[in-house]
Each structure stands twice: as structure tokens, then as C-alpha cells.
Amino acid sequence: MTTRRMEGDLWQLFWGALVTRLLAITADMGIADALADGPRPVDELAREVGADTDVLHRILRALASDGVFAEEAPGVYRNTEASEGLRRGTRWHDFAHLFGGVWHRALGELTATGEPTFERLHGTDFWSWLGEHPDERGAFDRAMSGSWEWKVDRVASAEWRGDELVVDVGGGNGALLIELLRRRPGLRGIVFDLPETTRDEPALGNRIEFVAGSFFERVPPGDVYVLSTILHNWDDDNAGQILRAIRAAAPDDARLLVVDAVVPPGNEPGGAKFLDLLMLALFGARERDEAQWRALLGANGFEPVRIEDGLIEARCR
């Protein structure tokens, strides 16, 4: 690698944090929505969204250099395919708000000491903070809800007898279980989550029951337990407590399906390697590699039988 290329690569990496913040600024101002009907002069945009014309031009110019928005003529901007994804009502709009907002600050304070930064910055844990900020809770829920389809694909790919009772532990509004039962009509389900969880009871139908409770204390009995992007929010002690609660309720022939990332080895690229550090900053938690999954499950009553990125299957020990 030449020195010039090495320096260029490093500069691109340095700009990353700034780009993330700029995406949040433009998403929160609704710039992509304001450009929905075609190119517009930046001074007109600035008046509409309440921004300084010069600063907005400089922000859009920088993002356009990375393919987010485009300068159609001097001082006239339009959407690109990338910026269209930032329109309100999309999960990417909410992700831009979170990554460039409250998550950006938490990651900006990350150090090598291993201390989670969110609680130090805000005086409370992330979940409690969301409860105190309904708009942020809404953005978080919308961002997360858009990921249920790939989760269903992973769960549905497991082998099914066809008549099992499936317990979705921390299942939220039940979207995953509703779709799984649509694909597998013989299954029955329980969505297990905190009593304050927002849900559409009629959408659950007559084959899914909502049961309220804390997964740190007890879970309902079932044949198959699903933990969909739950364990990566917790350190090993708390994750182990969740697994032990499941094992205490599970029959010996029950199965566990964990929908979570498996961090790839070595220098292999993987978004989980960066998401891992967001989990550290927010919760003191982590993404896990194969050895860490085997250790966590084995120490808490389960034997892994299949580990691949996106789906870990285990049986009771």
C-alpha cells in the first residue's frame, strides 16, 4: 500500500464520526423529505427547515461527496438513493437519529477501561432513559421493528416438528411470532415481555398469548424458546440469569433458538465487531464469538448444537 493510499484510507475513517452526526442533523431537519419532489436551492431549504443557509450548504456539500444528496447545480441539491432512505417513516431515518444523537455521544466517551458510558453520561441506564423520553423510545422501537423479517427467516430455517409451543422471550409486540406462525400454521405461541410492552392484542390471534413478566425471574413453560437479539444487550452475568430462568421452566427436551450475531474470527469484516462496542457503551454488554457463545450457554444449562451468524441453536443439558 502506498503512503498516499494509506493516508486516504485513514482520513476516510477519521471522517466517519462526523458523517454519522451530519446524517442525524439532516434526518432530524427533514431534508430528504423537503427534497422529495426534486432539486431545490439551499437557501429555500434553509428557510423551510430553520437552518443557516451557509451551514446547511456546507453540510450537504460534505454529504454529497459521499453520495448522500447531490449538488445538481451550484447551491442546488437533490436526493440520491442513499438520502431517500433518510425520509421520515423509514427505519433508516430513526437509525440516523439514534446513531448521530444519543448513541453518538455515548460512543464518543468510550474508553479502553471497559466502563459503559451511557449511565455515566445520563445518570440512568438506557432502558430507563428511554422510558423517560417517549420520542426517543418511539424512534428506537421504529428502528428495531424494521428488522423482524430477517429474524423470522432465521428462526423459520430451524427444523420444526410442527406442533410446538414457542415462547418468544422478550418478544415485544409479537411481530416475529405472528409471522412465524403464519409460515408454520401448526405452531402455537407465547409472547413473554414486561407488562408495559406496547402490543396489538387482536393481531396476536387465537394461537398466540401474551404473558407478562420479567425474564430475569421466570418464563412460561414451552417446547421451543426464542431469544431474538436479547442476549447481546446484557453482560455474561445478566445473560446467564436469563438463560437459567429459561432452563428452570423448560422441559428436558426443549430447544433454545438464539437470534444474534456471531462475531467472525481474525480480520474477517463484520458489522458485529462495531456493534459490539455500541453494546459496551450503552449497556456494558457485548456481541459474542463462537467460543463465547459456547461458554455462555454451557455454563447456564444448554448445549449448543448449531452456531452460525444470526442463529444459535441449543438443547437442554
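Here, every reference points to the structure presented above.
What comes next is a walk through the structure. Computed from a predicted structure; not experimentally measured. Along each chain, numbering runs from 1 in the same order as the chain's sequence is written. A pLDDT threshold of at least 70 governs which residues receive local features in this predicted model, and a stricter bar of 80 or more applies before side-chain atom pairs are shown or counted, although totals over entire chains, interfaces and linings include all residues. The side-chain quantities take in all heavy atoms of the structure and omit both hydrogens and water.

**Some thoughts on the overall build of the protein**
Under the DSSP-based scheme used, a helix requires at least four consecutive residues in state H or I and a strand at least two consecutive residues in state E, with every element numbered from the N terminus. Counting secondary structure elements, the protein contains 16 helices and ten strands. Along the three orthogonal principal directions, the C-alpha set of the protein runs to about 70 × 50 × 40 Å. Exposure classes here rest on a 1.4 Å probe applied to the protein chains alone. A residue is buried below 20% of its type maximum, exposed above 50%, and partly exposed in between. Counting every position in the protein, which comprises 317 residues, the buried fraction comes to 45%. In this description, contact between two residues means that some pair of their heavy atoms is separated by no more than 4.5 Å. In the protein, the share of contacts with a sequence separation of at least 24, taken over all contacts with a separation of at least 6, comes to 61%. Note that accessible areas follow from Shrake-Rupley with a 1.4 Å probe, and for residues the cover is restricted to the protein chains shown. By element, 52% of the accessible surface of the protein is carried by carbon and sulfur atoms, the whole surface being about 16,200 Å². For the purpose of counting charges, residues Lys and Arg are taken to be positive, whereas Asp and Glu are taken to be negative. His and the chain ends are not included. Charge placement uses NZ in Lys and CZ in Arg. For Asp and Glu, CG and CD serve respectively. Once the 35 positive and 53 negative side-chain charges of the protein are each reduced to a mean point, those two points are 3 Å apart.

**Some points on a nonpolar patch on the surface**
Residues Met 6, Leu 10, Trp 11, Leu 13, Phe 14, Trp 15 and Leu 18 make up a contiguous nonpolar surface patch of about 760 Å² in total accessible area. Within the secondary structure layout, Phe 14 lies in helix 1 (residues 3-29). Patch membership needs two things, relative accessible area over 30% and no salt bridge, and members are linked within 9 Å if like-charged or within 5 Å if nonpolar (Val, Leu, Ile, Met, Phe, Trp, Tyr). For this document, the term salt bridge refers to a Lys or Arg side-chain nitrogen within 4 Å of an Asp or Glu carboxyl oxygen.

**As for the sheet that holds strand 1 (residues 40-41)**
Reading across the sheet, the three strands line up as 1-3-2 and stay open at both edges, with antiparallel pairing between neighbours. Of all the strands in the sheet, the pair left with one neighbour each is strand 1 and strand 2 (70-73). Between any two strands, at least two bridges found by DSSP are needed for them to pair. Relative to strand 3 (residues 76-78), strand 1 is paired through two bridges, and the arrangement is antiparallel. Within the sheet, the bridge partner assigned to Pro 41 lies in strand 3 and is Val 76. Axes here refer to lines fitted to C-alpha atoms; in helices the fit is confined to the stretch in contact. Angles between the N-to-C directions go from 0 to 180 degrees. The strands touched by helix 4 (residues 53-64) are strand 2 and strand 3; relative to strand 3, the strand with the most contacts, the crossing angle is about 50°.

**Topic: the sheet that holds strand 6 (residues 208-212)**
A sheet is described by the order of its strands in space; here seven strands give the open sequence 6-5-4-7-8-10-9, paired in mixed fashion. Looking along the sheet, the strands with just one partner apiece sit at the ends: strand 6 and strand 9 (302-308). In this sheet, neighbouring strand axes are inclined to one another by 20° on average, regardless of whether the strands run parallel or antiparallel. Where strand 9 lies against strand 10 (residues 311-316), six bridges are found, and the strand directions are antiparallel. Looking at strand 10, one finds that Ile 307 is bridged to Ile 312. Each of strand 4 (165-169), strand 5 (188-193), strand 6 and strand 7 (224-228) is contacted by helix 12 (residues 175-183), which is oriented at about 175° to strand 5, the strand it contacts most.

**A word on the packing of aromatic side chains**
Only Phe, Tyr and Trp rings take part, Trp by its six-membered ring, and two of them pair if their centres are within 6.5 Å. Stacked means planes under 30 degrees apart, edge-to-face means over 60, and tilted covers everything else. Inspection of the entire model under this criterion finds 16 aromatic pairs. Taking 5.4 Å as the distance between ring centres and 65° as the angle between the ring planes, the aromatic pair formed by Phe 126 and Trp 127 counts as edge-to-face. The exposure class assigned to Trp 127 is partly exposed, which follows from its relative accessible area of 27%. By way of ring pairs, the aromatic residues Phe 118, Phe 126, Trp 127, Trp 129, Phe 140 and Phe 283 are connected into one cluster. Remark: a charge is flagged as sitting over a ring if the NZ atom of Lys or the CZ atom of Arg is within 6 Å of the ring centre and within 35 degrees of the ring normal. In this structure, Arg 91 packs its charged tip against the face of Trp 92, placed 5.2 Å from the ring centre. Geometry around Trp 160 places Arg 255 over its ring, the cationic atom sitting 5.2 Å from the centre.

**Quick word on the packing of helix 6 (residues 91-99) against helix 10 (residues 134-145)**
For the pair helix 6 and helix 10, the least separation of the axes is 8 Å and the interaxial angle reads 130°. Judged by the inter-axis angle, helix 6 sits oblique to helix 10. Judged by the sense of rotation from one axis to the other, the crossing of helix 6 with helix 10 is left-handed. Contacts between helix 6 and helix 10 involve Arg 91, Asp 94, Phe 95, His 97 and Leu 98 from the former and Glu 136, Ala 139, Phe 140, Arg 142, Ala 143 and Met 144 from the latter. With respect to orientation, any angle under 35 degrees is reported as roughly parallel, any angle over 145 as roughly antiparallel, any angle of 65 to 115 as roughly perpendicular, and every other angle as oblique. For any pair of crossing helices, the crossing counts as left-handed if the nearer helix is rotated counterclockwise from the farther one by less than a right angle, and right-handed if it is rotated clockwise.

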